[in-house]
Amino acid sequence: MTDAPEHPLTTAIKPLLDAVGAAALALDEAKPDDVVLDWEGAPAVAIRLPHLSSALDRLLADMARQYDGRPLNELDRLEKQRVVALLEERGAFTVRHGVETVASALGVSRFTVYNYLNRQTDGPKSD
């Protein structure tokens, strides 16, 4: 896969492509599942979207970056709860095996992840 030729549209959307793990390619490399974007009425660039399985890995890596690159399994309980809440907001648990993948990354059980999810839907409880 070669990079798409430099085009103003490619340059403009590069931060978005990087954020979602997509790639810009030359039009002649486009496959049927790729998205071709037009510029001023003519095809300009093809976009290859990432597979869903890699989306969760990118979300987890983004969470680690938000915590200064610390491994997620080293976060304290409140930080892990916040990570689960952020991942829920971003749809991480709609991916097959999402709970298991997140539990493994956080170093907790699936049951714990479900408890964190239930805790946020039930609201804070007094002990």
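Under an unreviewed UniProt entry, the protein chain has the name HTH domain-containing protein and belongs to Kitasatospora viridis.

S.K.: When you look at the environment of Arg119 in this model, what are you seeing that I'm missing?
M.R.: With respect to the helices and strands, Arg119 occurs in helix α5 (residues 110–122). On the basis of relative accessible area, Arg119 is assigned to the partly exposed category, the value being 40%. It is 8.9 Å that separates the C-alpha atoms of Arg119 and Gln81, two residues lying 38 residues apart in sequence.

S.K.: How should I be thinking about unusual backbone geometry in this particular structure?
M.R.: With the exception of glycine, the majority of residues adopt a negative phi angle, and the majority of peptide bonds are in the trans configuration. At Glu40, a residue that is not glycine, the phi angle is positive and equals roughly 50 degrees. On the secondary structure map, Glu40 appears in the loop between β2 (35–39) and β3 (42–48). Here the phi dihedral of His97 falls at roughly 65 degrees; this positive angle occurs in a residue that is not glycine. Following the sequence through the fold, His97 ends up in the loop between α3 (77–89) and α4 (98–106).

S.K.: I'm lost on the pairing of β2 in this one. Help?
M.R.: The side chains of a regular strand alternate, residue by residue, between the two faces of the sheet. Note: β2 against β3, five bridges, orientation antiparallel. Opposite Asp38, over in β3, you have Pro43 as the bridge partner. Count of turn residues in the β2/β3 antiparallel hairpin: two residues, of which Glu40 carries a positive phi of about 50 degrees.

S.K.: What am I meant to see in the pairing of β3 here?
M.R.: Across the seven residues of β3, five count as buried, placing the element largely inside the fold. With three bridges joining them, strand β1 (residues 23–25) and β3 adopt antiparallel strand pairing. What sits directly across from Ala23, in β3, is Arg48.

Scoring rules and cut-offs
- Residues numbered from 1 in each chain as written.
- Predicted model: local features only at pLDDT ≥ 70, side-chain atom pairs only at ≥ 80, totals over all residues.
- Heavy atoms only, no water.
- Helix = DSSP H or I, 4+ residues; strand = E, 2+ residues; numbered from the N terminus.
- Buried < 20%, exposed > 50% of the residue type's maximum accessible area, 1.4 Å probe, protein only.
- Pairing = 2+ DSSP bridges.

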